[in-house]
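Survey of secondary and tertiary structure
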Amino acid sequence: MTVDTQALADRLTWARTTRTAIPQLSDEVPGLDLATGYAVQRLQRPGLGRPVGWKLGVTSRAKQRQVGVDAPIYGFLASDHVLDLGEPLTTAEHINPRCEPEIVFVLGRDLAGAHVTTTEVLAATSGVAVGIEVIDSRFTDYRFTMPDVVADNASAGRYVVGAPVHPDGIDLRLVGVVLEHDGDVVATASGAASLGHPAAAVAWLVRALAAAGEGLRAGDVVLSGGLTAAVPVGPGDVVVATIDRLGSLELACR
Ligand code: 0L1
Ligand code: MG
């Protein structure tokens with residue numbers, strides 16, 4: 001069966017720009033597979049501004065349990081996804097926003113290849129930082145299959161990043177993570193929650209991109225995967241992510 005990937009991409013763009021949830025694509029396209037999902041995702045890239053990097057999704061067991069899957073995925077990040085430090089999140093610009101803490105990598109040089117290792121990722125990294133990702137599914141009630149959520153750019157919404165520090169001497173598996181919502185600690189984790197090591201998650205991404213003929217570029221930002229379950233947010237909420245050695249980051253919602 002031939003799938004009209006452009007029509008599916010257009011449907012997701014309509015959902016995003018009108019802030020209207022739609023049923024998962026696989027309801028209508030039963031054979032929707034991961035390759036088709038990535039093709040639909042790719043078609044949405046030009047509509048979101050300048051490319052700035054990538055995001056990993058479903059890398060933690062907490063997230064895998066939350067969405068009922070067992071393998072990571074990736075999505076692209078573009079300038080329209082960026083929230084500046086101190087810039088509030090306007091929740092009405094999203095359908096169903098949820099916040100999650102992430103360790104963010106900033107690439108110091110290009111990195112590509114089908115066999116890239118965790119060590120090579122760390123060597124190519126100029127900085128790591130605390131981040132908050134705002135995910136937002138275009139599908140009703142976050143109900144989707146893996147190909148659906150890949151097509152929906154891994155639920156990318158917005159993200160904010162703190163000041164990067166050099167990763168030398170930091171064991172990213174061991175750094176503690178605390179997520180606060182309106183002053184309450186709602187989740188804790190350590191860096192190892194993302195595929196055992198956040199840099200291993202980035203290495204997985206590089207290998208996956210190599211299969212698509214792509215790679216990371218110097219200056220790219222990579223969200224290495226949500227470390228806890230994501231917390232739903234609305235106007236007036238404040239979310240704070242704190243990661244040992246990397247610092248604290250606050251996101252206010254209006
Ligand atoms: O929760 C979700 O929407 C699954 C997609 C991946 C989101 C993420 O982990 O950043
Ligand atoms: Mg995430």
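Remember, predicted model here, so these are calculated numbers, not experimental data.

1. Quick look at the UniProt feature "domain: Fumarylacetoacetase-like C-terminal" (unreviewed entry) in the chain
When the UniProt feature table is mapped to this numbering, "domain: Fumarylacetoacetase-like C-terminal" (unreviewed entry) covers residues 69-250. A helix fraction of 15% and a strand fraction of 34% characterise residues 69-250, whose end C-alpha atoms lie 29 Å from each other.

2. Describing the pairing of strand β11 (residues 247-252)
Here strand β10 (residues 238-243) runs beside β11; their pairing, made up of six bridges, is antiparallel. Bridge pairing in β11 places Thr-242 opposite Ser-248. The antiparallel hairpin formed by β10 and β11 contains three residues in its connecting segment, where Arg-245 sits at a positive phi of about 75°.

3. Some points on the sheet that holds β10
Strand order in this open sheet of four strands is β7-β6-β10-β11, and the pairing throughout is antiparallel. A single partner strand is all that each edge strand has here, and the edge strands are β7 (184-190) and β11. With strand direction ignored, the average angle separating the axes of adjacent strands in the sheet is 15°.

4. Details of the site of ligand 1
Near ligand 1 there are 13 residues, and of these Gly-57, Ile-135, Ala-154, Ser-155 and Gly-226 occur at the shortest range. Mapped by element, the contributors of at least two residues to the shell around ligand 1 are β1 (51-57), α3 (61-67) and β4 (125-135). Classifying every residue of the shell around ligand 1 gives six nonpolar, four polar and three charged.

5. Brief notes about the packing of helix α1 (residues 5-18) against helix α2 (residues 34-43)
Packed helix pairs are characterised by how far apart their axes lie and by the angle those axes make with each other. At a minimum axis distance of 8 Å, the contact between α1 and α2 shows a crossing angle of 60°. Compared by their axis directions, α1 and α2 come out oblique. Regarding α1 and α2, the two cross each other, and that crossing is right-handed. For the pair α1 and α2, contact is made by Thr-5, Gln-6, Leu-8, Ala-9 and Leu-12 and by Thr-36, Ala-39, Val-40 and Leu-43, respectively. Its residues assigned to classes, the contact of α1 with α2 shows six nonpolar, three polar and no charged.

6. Some thoughts on helix α6 (residues 198-211)
Over its 14 residues, α6 runs 20 Å from end to end, which matches the ideal 20 Å to within 8%, given 1.5 Å per residue. Within α6, the full set of buried residues consists of Pro-198, Ala-199, Ala-200, Ala-201, Val-202, Ala-203, Trp-204, Leu-205 and Val-206. The secondary structure elements touched by the buried residues of α6 are β1, β2 (73-78), β3 (98-107), α4 (118-124) and β8 (221-223). One or two residues past the end of α6 sits Gly-213, with phi positive at roughly 75°.

About the cut-offs
- Residues numbered from 1 in each chain as written.
- Chains lettered and ligands numbered in written order.
- Predicted model: local features only at pLDDT ≥ 70, side-chain atom pairs only at ≥ 80, totals over all residues.
- UniProt positions renumbered as here; feature names shortened; annotations may be inferred.
- Helix = DSSP H or I, 4+ residues; strand = E, 2+ residues; numbered from the N terminus.
- Pairing = 2+ DSSP bridges.
- Axes fitted to C-alpha atoms, helices over the stretch in contact; angles between N-to-C directions.
- Near = placed C-beta within 6 Å.
- Nonpolar A, V, L, I, M, F, W, Y, C, P; charged D, E, K, R; others polar.
- Parallel < 35°, antiparallel > 145°, perpendicular 65-115°, else oblique.
- Left-handed = near helix turned anticlockwise from the far one by under 90°.
- Contact = placed C-beta atoms within 7 Å.
- Expected span 1.5 Å × (residues − 1).
- Buried ≥ 20, exposed ≤ 12 C-beta atoms within 10 Å, placed from the backbone.

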